Amino acid sequence: MRVLSVVGARPQFVKLAPISTAMQGRIEHIVVHTGQHYDELMSDVFFRDLGIPAPDVNLAIGSGKHGEQTGAMIRDLEPVFERFAPDWVLAYGDTNSTLAAAVTAVKLHQPLAHLEAGLRSFNRRMPEEHNRVLTDHAADLCLAPTQGALERLAVEGLGDRSVLVGDVMTDVLYSTRDAAGAPSLPDGVNAGEYYVSTIHRPDNTDSPERLAAIVAQLASLDRPVLLLVHPRLAGIAAQSGLELAQGSIRPIAPLPYPQLVAAVQGSAGVITDSGGLQKEAFLLRVPCTTIRSETEWVETVALGWNVLVDENLGELAAAVRRPAPHPTDEQPYGDGRAAARVVDALLTLHPGR
Ligand code: UD1
């Protein structure tokens, strides 16, 4: 069987790593990189550190407005899908690269599987919400990471094409955490005495007033804040003359994955608007405060490890300093063996069989 994976953005490279390993010797695997992320620290470093073979094809699409970027991907994916004629196209998560892969596959009548299916924020301002809903409904096989996601797919009439596999981010997080020779913490911080923060969602970065208010809150926190600066944030801050190195904030470049895991594990808390980081904090049992009005990763909130702060940013400092949550053994994101279940599902549930 031949599977063609389409990835393009940082979190998709992380998800690709355990899938790529699990496919070895069982499935012929073609990897296509759309080029949505292209900086060394946003792309190449993940392939290197996570031992992922170089992509078979890199479309080098780069940045652009949503329609322009997604349209260019569809145009350039089509001949690649025709050339490789895969048994499955595998799309990951909820980025514009995901939607482009989905549209291209259905137009060519190629079977489509969606990894991380069934998640919903119910916030229709988020481009990711449209990307994931459209991809789920286009897919022939929805690979759900959680029981809640599986139930949501059934509610939307997709139950007969859905299967619970667990979350592949748990696989990669556990194997990175447990690897020998853990990387050291970033310079200038001591274990347990700093926070890790990322801010990159358009809802938080694109209004200068809101971004300045978030930065002011981070600057006023009681411990150093390692702010891992996404290129979107760097660009917007530079454009609007907003100084990120204020008060407690220590801005640094985005971290490679093993360094990120070490930095989160050694921190006193995470403050973010990233989906992946909310879950990574939970899996490492580090309290998280999320600057959004809702989350797809509702289990992190229900179990007390994640608190949402949105409209009233003045609540951020108190939320970050809240008492430690109750310990829990719950594993809503699986047991770290999701990728093998994905491969089993692809091998056994092909629509042609
Ligand atoms: C994308 C995904 C988001 C995911 C995030 C992870 C969509 C709609 N959004 O958001 O779901 O959480 O990736 O990081 O697909 N840029 C660079 N170098 C790069 C990549 C981007 O400088 O390698 C800059 C460009 O100015 C670009 C901006 O960052 O315009 C935004 O990049 P883009 O890929 O459009 O979206 P992200 O915000 O990264």
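All values derive from a computational prediction rather than experimental measurement.

Cut-off values and rules
- Residues numbered from 1 in each chain as written.
- Predicted model: local features only at pLDDT ≥ 70, side-chain atom pairs only at ≥ 80, totals over all residues.
- Heavy atoms only, no water.
- Helix = DSSP H or I, 4+ residues; strand = E, 2+ residues; numbered from the N terminus.
- Rg over C-alpha atoms; globule rule 2.2 N^0.38 Å.
- Buried < 20%, exposed > 50% of the residue type's maximum accessible area, 1.4 Å probe, protein only.
- Contact = heavy atoms within 4.5 Å.
- Areas by Shrake-Rupley, 256 points an atom, 1.4 Å probe, with all protein chains shown as cover.
- Lys, Arg positive; Asp, Glu negative; His and termini not counted.
- Charge placed at Lys NZ, Arg CZ, Asp CG, Glu CD.
- Near = heavy atom within 4 Å.
- Polar contact = N/O pair within 3.5 Å; in protein donor to acceptor, adjacent residues only side chain to side chain.
- Nonpolar A, V, L, I, M, F, W, Y, C, P; charged D, E, K, R; others polar.
- Axes fitted to C-alpha atoms, helices over the stretch in contact; angles between N-to-C directions.
- Parallel < 35°, antiparallel > 145°, perpendicular 65-115°, else oblique.
- Core = buried A, V, L, I, M, F, W, Y, C linked by side-chain atoms within 4.5 Å.
- Domains from an automatic or database assignment.
- Phe/Tyr/Trp six-rings, centres within 6.5 Å; stacked < 30°, edge-to-face > 60°.
- Left-handed = near helix turned anticlockwise from the far one by under 90°.
- Salt bridge = Lys/Arg side-chain N within 4 Å of Asp/Glu carboxyl O.
- Buried area = accessible area lost by both parts, 1.4 Å probe.

An account of the overall build of the chain is needed here, citing residue identities and associated values.
Across its full length, the chain holds 15 helices and 13 strands. Whereas a compact globule of 353 residues would reach a radius of gyration of roughly 20 Å, the chain reaches 20 Å, a difference of no more than 12%. Its C-alpha atoms give the chain principal-axis dimensions of about 60 × 45 × 40 Å. Out of the 353 residues belonging to the chain, those deemed buried represent 57%. In the chain, the share of contacts with a sequence separation of at least 24, taken over all contacts with a separation of at least 6, comes to 69%. Entry remark: accessible area of the chain is about 14,300 Å², with carbon and sulfur atoms responsible for 51%. Seen as two clouds, the 29 positive and the 42 negative side-chain charges of the chain have centres 1 Å apart.

Before we move on, can you summarise the site of the ligand with the specific residues and values?
The environment of the ligand is formed by 20 residues, the closest being Gln36, His37, Tyr38, Asn96 and Glu128. Here an oxygen atom of the ligand sits 2.6 Å away from a polar atom, N or O, in the side chain of Glu128. Protein contacts shield 85% of the accessible area of the ligand, which totals 740 Å² for the unbound molecule. At the level of elements, α1 (10–23), α3 (66–84), α5 (127–138) and α10 (231–240) are the ones that each hand at least two residues to the shell around the ligand. By residue class, the composition of the shell around the ligand is six nonpolar, nine polar and five charged.

Outline the packing of α1 against helix α7 (residues 168–178), listing residues and values.
For the pair α1 and α7, the least separation of the axes is 8 Å and the interaxial angle reads 85°. Judged on the interaxial angle alone, α7 and α1 are roughly perpendicular. Contacts between α1 and α7 involve Val14, Lys15, Ala17, Pro18 and Ile19 from the first element and Val168, Met169, Asp171 and Val172 from the second.

So, the side chain of Glu280: which residues are in play, and what are the values?
Position of Glu280 relative to the elements: it lies in helix α12 (residues 275–283). Contact partners of Glu280, with chain neighbours within four places excluded, come to Met169, Leu173, Tyr257 and Leu260.

Describe the nonpolar core, with residues and values.
In terms of nonpolar packing, the biggest core is built from 85 residues, with Ile19, Phe81, Leu90, Leu143, Tyr257 and Leu346 touching the most fellow members. Residues from two domains meet in this core; each of domain 1 (2–167 + 334–348) and domain 2 (183–320) gives at least three. Excluding residues within four positions of it along the chain, Phe81 makes contact with Leu4, Val6, Pro86, Val89, Ala101, Thr104, Ala105, Leu108 and Gln110. Within the second largest apolar cluster, 25 residues are counted, among which are Ile214, Ile291, Leu316 and Val320.

Run through the packing of aromatic side chains, naming residues and quoting values.
Within the structure shown, the criterion is met by four aromatic pairs. Judged by centre distance (5.1 Å) and plane angle (50°), the ring pair of Phe13 and Phe47 falls under tilted. A residue pair is termed long-range when its members are at least 10 positions apart, and Phe13 in helix α1 and Phe47 in helix α2 (residues 44–49) qualify at 34 residues. Exposure remark for Phe47: the relative accessible area of 8% places this residue in the buried category. Seen from their ring centres, Trp297 and Tyr333 are 5.5 Å apart, and the 80° between their planes marks the pair as edge-to-face. Here Tyr333 lies in the loop between α14 (316–320) and α15 (338–348) and Trp297 lies in the loop between β12 (288–290) and α13 (298–302), a separation of 36 residues in the sequence. Ring pairing ties together the aromatic residues Phe13, Phe46 and Phe47, which thus form one cluster.

Give a detailed account of the packing of α7 against α12, specifying residues and quantitative values.
Viewed as axis vectors pointing N to C, α7 and α12 meet at an angle of 50°, and their least axial separation amounts to 11 Å. For the element pair α7 / α12, the angle class is oblique. Like other packed secondary-structure pairs, α7 and α12 cross with a definite hand, here right-handed. Contacts between α7 and α12 pair Met169, Thr170, Leu173, Tyr174 and Arg177 from the former with Gly276, Lys279, Glu280 and Leu283 from the latter. Residues that form the contact of α7 with α12 fall into these classes: four nonpolar, two polar and three charged.

Give me the lowdown on the pattern of salt bridges, citing residues and values where you can.
This model, assessed by the stated rule, comprises 22 salt bridges. In this structure, the salt-bridge partner of Glu296 is Arg292, at a minimum N-O distance of 2.5 Å. Judged by relative accessible area, which is 6%, Arg292 ranks as buried. In this structure, a network of salt bridges that share partners links the residues Asp94, Glu129, Arg132, Arg292, Glu294 and Glu296.

Please set out the domain arrangement of the chain residue by residue, giving values where relevant.
Domain boundaries assigned for the chain yield domain 1 (2–167 + 334–348) and domain 2 (183–320). Here the C-alpha centroids of domain 1 and domain 2 sit 26 Å apart. The interface of domain 1 with domain 2 comprises 22 residues on the first partner and 18 residues on the second. Here domain 1 meets domain 2 over a buried area of about 1,600 Å², counting both sides, of which 60% is carbon and sulfur. Taken together, the links from domain 1 to domain 2 amount to five salt bridges. Note that Arg132 is salt-bridged to Glu296, the shortest N-O span being 3.5 Å. On inspection of domain 1 and its partner domain 2, the count reaches four residue pairs in polar contact (both at pLDDT 80 or more). Every element with two or more residues in the side of domain 1 that touches domain 2 is listed here: α1, α2 and α5. Per-element tally for the side of domain 1 that touches domain 2: the top contributor is α2, with three residues. The class makeup of the residues in the side of domain 1 that touches domain 2 is nine nonpolar, four polar and nine charged.

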